[in-house]
Amino acid sequence: MSHPFRIMTVCIGNICRSPLAERLLRLHLTAAVEAGRAEITSAGVRAVVDHPIDAPAVPEWVRLGGDPEGFAARRLTAELMEPTDLVLTATVDVRTDALRHAPRAMRRTFTFTEFAALCRELPEVEGESVTDFVARAAANRGVVQGVDLDVVDPIGRSAAFHRDIADQIDGAVRAIAARLGPMLAAGLAS
């Protein structure tokens, strides 16, 4: 493998949803990250650069095993997005905004919930690489019609709302990690 499989999570401000997804993916794909087989980052389409995690989100990070320490928001650019192998966005609108930076990334850009549903629904193919799975997922988006593709922004909402959104992200991340983890562990990145 010439480089690690690069995953980027994206939301609006990069202070709540995408960094939580980033840190939870790192947590659930620790072996692949530590072995240099996966690299997981995040960005925001309208991020306030260097802003820390939104304070009401911190308890949910901690509850789910994520570590908010040392996080600083960064703004999505074409340079960040182009080399990424899989882009996971919080909503369809964020996906649209992200694709303005790198239109050729459409076949590797999904919402969190869309890709999680594809991870659950598509049958396993023995020996399939992560890159091939992402391509197959793009070709089979219609399999998950009717799935709510958006993870709503909890900024400014109640603690209970933050918890619900964090649980939604955690569920999506667990489905994604369960599907990609074995392929990455086997060295099947590309």
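Predicted, not measured: the structure shown is a model, and the values here were computed from it. (Residues numbered from 1 in each chain as written. Predicted model: local features only at pLDDT ≥ 70, side-chain atom pairs only at ≥ 80, totals over all residues. Heavy atoms only, no water.)

(A) Seen up close, the packing of helix H1 (residues 17-28) against helix H8 (residues 159-185). Running from N to C, H1 and H8 point in directions that differ by 40°, and their axes come no closer than 9 Å. The pairing of H1 with H8 is recorded here as oblique in orientation. In this structure, H1 crosses over H8, and the sense of that crossing is right-handed. Across the interface between the two elements, Arg17, Leu20, Ala21, Leu24, Leu25 and His28 of H1 pack against Ile165, Ala166, Ile169, Asp170, Val173, Arg174, Ile176 and Ala177 of H8. Of the residues contributing to the contact of H1 with H8, the split by class is 10 nonpolar, one polar and three charged. (Axes fitted to C-alpha atoms, helices over the stretch in contact; angles between N-to-C directions. Helix = DSSP H or I, 4+ residues; strand = E, 2+ residues; numbered from the N terminus. Parallel < 35°, antiparallel > 145°, perpendicular 65-115°, else oblique. Left-handed = near helix turned anticlockwise from the far one by under 90°. Contact = heavy atoms within 4.5 Å. Nonpolar A, V, L, I, M, F, W, Y, C, P; charged D, E, K, R; others polar.)

(B) Structural context of the side chain of Asp85. Here Asp85 shows up in the loop between helix H4 (78-81) and strand S3 (86-89). Buried and unpaired, Asp85 has no salt bridge, with Arg6 as the nearest side chain of opposite charge at 4.8 Å. Sequence-distant contacts of Asp85, defined by excluding residues within four places in its chain, comprise His3, Pro4, Phe5, Arg6, Arg108 and Val134. (Buried < 20%, exposed > 50% of the residue type's maximum accessible area, 1.4 Å probe, protein only. Lys, Arg positive; Asp, Glu negative; His and termini not counted. Salt bridge = Lys/Arg side-chain N within 4 Å of Asp/Glu carboxyl O.)

(C) The packing of aromatic side chains, seen in detail. Taken as a whole and assessed by the stated rule, the structure comprises three aromatic pairs. Relative to Phe71, the ring of Trp61 lies with its centre 6.3 Å away and its plane at 65°, an arrangement referred to as edge-to-face. Highlighted residues: Trp61 in helix H3 (residues 58-64) and Phe71 in the loop between H3 and H4, separated in sequence by 10 residues. Taken as a pair, Trp61 and Phe71 share a single burial class, namely buried. Look at Phe110 and Phe115: their rings are 4.9 Å apart centre to centre, the planes differ by 50°, and that puts the pair in the tilted class. Here the two residues Phe110 and Phe115 agree in accessibility, since each one is buried. Grouped by ring-pair contacts, the aromatic residues Phe110, Phe115 and Phe133 constitute a single cluster. If you follow Arg157 out to its NZ or CZ, it ends over the ring of Phe161, 4.0 Å from the centre. (Phe/Tyr/Trp six-rings, centres within 6.5 Å; stacked < 30°, edge-to-face > 60°. Lys NZ or Arg CZ within 6 Å of the ring centre and 35° of its normal.)

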